[in-house]
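As a plain string of letters, each chain reads:
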Amino acid sequence: MSNQNKPTDYSKVVRIQIPSNPRFVSHTRNYFFNLCLEHGFSLFDSMDLKLVIGEAIVNIIRHAYSGQPNKPIFIEMQFDKDRVEIKLRDYGKKVEPKDLRSFDLSDYREHGIGLFMIKELTDYYFLDQSFEVGNQMVLIKRK
């Protein structure tokens, strides 16, 4: 969703790579929570983003990598004046749309609330499967 004609201000871009090991979820959530606060997001929006990032990482570990703890997860956050764009990239299995859980809470099962939370707590989300290998989730949250 970035404006392709506008040069990127790399002072507002944070990129990290973490392994698909669940022990890194909490650290990564807290790191991005603090970044959001530092970039002017409210406490509530920062907490929403912390939850969203955690859910997205867990979904990658569970579904794209089938629980394998040694695969790469790339996360990029680009902060603009009025929003943040988050990209989470994996090189695992492509997600089949038929396997995605419903966004209806009445369809709640033991698992499957992650995408509902992502949808409700962001202004825009998109699962990009145009890559030859893997997936990329793009999330946007406005201030």
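By convention here, each chain's residues receive numbers from 1 onward along its written sequence. Side-chain atom pairs in this predicted model are given and counted only at pLDDT of 80 or more, local residue features only at pLDDT of at least 70, and totals for whole chains, interfaces and linings cover all residues. The basis for every side-chain value is the complete set of heavy atoms in the structure, and neither hydrogens nor water enter the calculation.

1. Some points on the packing of aromatic side chains
- In this analysis, rings of Phe, Tyr and Trp, with Trp reduced to its six-membered ring, are considered paired at centre separations within 6.5 Å, and the interplanar angle assigns stacked below 30 degrees, edge-to-face beyond 60, and tilted for intermediate values. All told, the structure shown has three aromatic pairs when counted by the stated rule.
- Centre to centre, the rings of Tyr 31 and Phe 32 are 5.3 Å apart; their planes meet at 65°, and the pair counts as edge-to-face.
- Only protein chains enter the accessibility calculation, which uses a 1.4 Å probe. A residue is then buried if its area is under 20% of the maximum for its type, exposed if over 50%, and partly exposed in between. The exposure class assigned to Phe 32 is buried, which follows from its relative accessible area of 1%.
- Their ring planes at 85° and their centres at 5.9 Å tell us that Phe 74 and Tyr 91 sit as a pair that is edge-to-face. Placement of the pair is Phe 74 in strand 2 (residues 72-79) and Tyr 91 in the loop between strand 3 (83-90) and helix 3 (114-121), with a sequence separation of 17 residues.
- Lysine and arginine charges are scored as sitting over a ring when NZ or CZ, respectively, is within 6 Å of the ring centre and within 35 degrees of the ring normal. Stacked on the ring of Phe 33, the Lys or Arg Lys 50 has its end atom at 5.3 Å from the ring centre.
- Arg 89 extends its terminal NZ or CZ atom over the ring of Tyr 91, reaching a point 4.0 Å from the ring centre. Note on conventions: DSSP H or I runs of at least 4 residues are helices, E runs of at least 2 residues are strands, and numbering of each starts at the N terminus.

2. So, the packing of helix 2 (residues 43-64) against helix 3
- Helix 3 packs onto helix 2 with a crossing angle of 145° between their chain directions and a minimal axis gap of 9 Å. Every pair of crossing elements has a handedness; the one defined by helix 2 and helix 3 is left-handed. Residue-level inspection shows Asp 48, Leu 51, Val 52, Glu 55, Ala 56 and Asn 59 of helix 2 in contact with helix 3, the latter providing Gly 114, Leu 115, Met 117, Ile 118 and Leu 121.
- When its residues are assigned to classes, the contact of helix 2 with helix 3 shows seven nonpolar, two polar and two charged. To get an axis, a line is fitted to the C-alpha atoms, and for a helix only the part in contact is used. The angle between two axes follows their N-to-C directions and goes from 0 to 180 degrees. Left-handed describes a crossing in which the near helix is turned anticlockwise from the far one by less than a right angle; the clockwise case is right-handed. Pairs of residues are marked as contacts when any of their non-hydrogen atoms sit within 4.5 Å. Under the grouping applied here, Gly and all other residues not named as nonpolar or charged are polar, the nonpolar ones being Ala, Val, Leu, Ile, Met, Phe, Trp, Tyr, Cys and Pro and the charged ones Asp, Glu, Lys and Arg.

3. Observations concerning the pairing of strand 4 (residues 124-128)
- Here strand 4 pairs with strand 5 (residues 135-142) via five bridges, running antiparallel. Within strand 5, the residue paired with Phe 126 across the bridge is Val 138.
- Two strands are said to pair when DSSP picks up at least two bridges between them. Taking the residues between adjacent antiparallel strands as the criterion, strand 4 and strand 5 are bridged by six residues, where Gly 134 takes a positive phi near 85°.

4. Structural notes on the environment of Tyr 31
- Among the structural elements, Tyr 31 can be located in helix 1 (residues 25-38).
- On a C-alpha basis, the gap between Tyr 31 and Lys 50 in space is 8.7 Å, while along the polypeptide they are 19 residues apart.

5. Digging into the pairing of strand 5
- For strand 5, the buried fraction is high: seven of the eight residues fall into the buried class.
- The sheet contact formed by strand 3 and strand 5 spans eight bridges and is antiparallel. Considered in strand 5, the bridge of Leu 88 is made with Met 137.

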